[in-house]
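What follows is the residue order along each chain.
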Amino acid sequence: MKGYIYGFLGNAYLIKYQRERAINCFEKALKNNTKNILAIYNYGIILLQDGHFDKALKLFFKSQELNSKKAKRKSTTPAVLNRTMLLEKNIPLAISSCYWRLNNMDKAISTLEDLRKKYEYVSPNTLTTLGYFYLLVKDYEKAKEISQLAIDDDENFSSAWDNMGQIYLEQKDFKTAKEKFLKSIELNPKSVDSLYYLGIIEEIENNKEKALEYFKKALDCNITSLNTISKEAIENKIKSLS
């Protein structure tokens, strides 16, 4: 019971953006062998964002196991069942991100492809992540196809447009890449990846002042291990152009 309560408090603090208090509660919850699935999952997300990929992966597997058991209970209420089903989709997405950061692209891709086979519908976020994974293994046509599915589902999903930008950038189609990145930051001005790559394109086209402007905007964004670029990379670009 104590473990569940600590987990509940951790979730509550996280909702209020009190991250350090949430982490403190999550750690206490785990020490007390919590069965609070959402708390285990949320702490895994924090660890993933902070770059602790192995630890995060273990928590996601634990939350997945507990969630599967809960889904089989006949006494589960509709509200609990809905949350359980949501986690059934969100946990594999988080697991795939761990595999990506652990450089196991085969597992990252297969985890999400298995999810697509299991469910008729997956979110634009899931499709965008999968599209990005195909980009990383240089399957550009598959990357475009999956990313376009995300846009078809939600044309205002900034990350999917960023995907498209990165795909065309890889293929040296700078004009189209820029169009996609500009659409991304129109929808989300804090899209750090799009801002960074717009800076890269401007630098390639010898527009150094414009490139520096984009890099400075990117540095002003929230950057985690789930972004495709790092704070250090942005700072190095700013230094080289200043």
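Here the structure is shown first, and the text comes after it.
Here is a short report on the structure shown in this document. (Residues numbered from 1 in each chain as written. Predicted model: local features only at pLDDT ≥ 70, side-chain atom pairs only at ≥ 80, totals over all residues. Heavy atoms only, no water.)

Here we take up the nonpolar core. If you look at the biggest cluster of nonpolar residues, it comprises 48 residues, and the most contacted ones within it are Tyr-43, Phe-60 and Phe-133. Those elements giving two or more residues to this core turn out to be α2 (19-31), α3 (37-49), α4 (53-71), α5 (78-101), α6 (105-118), α7 (124-136), α8 (140-153) and α9 (158-170). Setting aside chain neighbours within four positions, we find Tyr-43 in contact with Ile-23, Phe-26, Glu-27, Leu-30 and Leu-59. If you look at the next biggest cluster of nonpolar residues, it comprises 22 residues, including Leu-169, Ala-177, Leu-195 and Ala-211. (Core = buried A, V, L, I, M, F, W, Y, C linked by side-chain atoms within 4.5 Å. Buried < 20%, exposed > 50% of the residue type's maximum accessible area, 1.4 Å probe, protein only. Helix = DSSP H or I, 4+ residues; strand = E, 2+ residues; numbered from the N terminus. Contact = heavy atoms within 4.5 Å.)

A few words on the packing of aromatic side chains. The description of two aromatic rings rests on the distance between their centres and on the angle between their planes. Taken as a whole and assessed by the stated rule, the structure comprises 7 aromatic pairs. Geometrically, the ring pair formed by Trp-100 and Tyr-132 is edge-to-face, given 5.5 Å between the ring centres and 80 degrees between the ring planes. Note that Trp-100 is positioned in helix α5 and Tyr-132 in helix α7, a separation of 32 residues in sequence. Members of the aromatic cluster, each reached through a chain of ring pairs, are Phe-181, Tyr-196, Tyr-197 and Phe-215. Directly above the ring of Trp-100 sits Arg-101, whose terminal nitrogen or CZ lies 4.1 Å from the centroid. Positioned above the aromatic ring of Trp-161, the side-chain terminus of Lys-183 is 5.9 Å from the ring centre. (Phe/Tyr/Trp six-rings, centres within 6.5 Å; stacked < 30°, edge-to-face > 60°. Lys NZ or Arg CZ within 6 Å of the ring centre and 35° of its normal.)

Turning next to the pattern of salt bridges. Side chains carrying opposite charge are able to pair once their charged atoms draw close together. Within the structure shown, the criterion is met by 14 salt bridges. Lys-138 is the salt-bridge partner of Glu-170, the closest N and O atoms lying 3.4 Å from each other. Taken as a pair, Glu-170 in helix α9 and Lys-138 in the loop between α7 and α8 lie far apart in primary sequence, 32 residues in all. Exposure remark for Glu-170: the relative accessible area of 39% places this residue in the partly exposed category. Taking the relative accessible area as the measure of exposure, Lys-138 reaches 53% and is therefore exposed. Across the salt bridge formed by Glu-203 and Lys-237, the nearest N and O atoms sit 2.9 Å from each other. Here the residue Glu-203 occupies a position in helix α11 (residues 192-204), and Lys-237 occupies one in helix α13 (residues 231-241), the gap between them amounting to 34 residues. Given the relative accessible area of 24%, Glu-203 is considered partly exposed. A single network of salt bridges, built from pairs that share partners, joins Lys-178, Glu-202 and Glu-205. (Salt bridge = Lys/Arg side-chain N within 4 Å of Asp/Glu carboxyl O.)

For the rest of this paragraph, the subject is the packing of α11 against α13. In helix packing, the relevant descriptors are the interaxial angle and the interaxial distance, both defined with respect to the helix axes. Between α11 and α13, whose axes approach to 11 Å, the crossing angle comes to 30 degrees. Considering the angle they form, α11 stands roughly parallel to α13. The handedness of the crossing between α11 and α13 comes out as left-handed. Facing Val-192, Tyr-196, Ile-200 and Glu-203 of α11, the residues of α13 in contact are Ala-233, Ile-234, Lys-237 and Leu-241. (Axes fitted to C-alpha atoms, helices over the stretch in contact; angles between N-to-C directions. Parallel < 35°, antiparallel > 145°, perpendicular 65-115°, else oblique. Left-handed = near helix turned anticlockwise from the far one by under 90°.)

Axis separation between α8 and α9 bottoms out at 9 Å; the angle between their running directions is 160 degrees. Here α9 runs roughly antiparallel to α8, going by the angle between their axes. Between α8 and α9 lies a crossing whose hand is left-handed. Residues Tyr-140, Ala-143, Lys-144, Ser-147, Gln-148, Ala-150 and Ile-151 of α8 form the contact with α9, whose own contacting residues are Ala-160, Trp-161, Asn-163, Met-164, Ile-167, Tyr-168 and Glu-170. Here the residues of the contact of α8 with α9 sort into 9 nonpolar, 3 polar and 2 charged. (Nonpolar A, V, L, I, M, F, W, Y, C, P; charged D, E, K, R; others polar.)

Turning next to a nonpolar patch on the surface. Together, Met-1, Tyr-4, Ile-5, Phe-8 and Leu-9 line one region of the surface with nonpolar side chains, adding up to about 560 Å² of accessible area. Inspection of the secondary structure assignment puts Tyr-4 in helix α1 (residues 2-15). (Patch = residues over 30% accessible without salt bridge, like charges linked within 9 Å, V, L, I, M, F, W, Y side chains within 5 Å. Areas by Shrake-Rupley, 256 points an atom, 1.4 Å probe, with all protein chains shown as cover.)

A rise of 1.5 Å per residue sets the reference length of α11, with its 13 residues, at 18 Å; its end C-alpha atoms lie 19 Å apart and thus fit the reference within 8%. Of all the 13 residues making up α11, 11 are buried; the element is thus mostly covered by neighbouring parts of the structure. Considering only its buried residues, α11 is in contact with α9, α10 (174-187), α12 (208-219) and α13. Backbone geometry just downstream of α11 places Asn-206 in the positive-phi region, at approximately 65 degrees. (Expected span 1.5 Å × (residues − 1).)

By themselves, these are just geometric observations and shouldn't be taken as functional.
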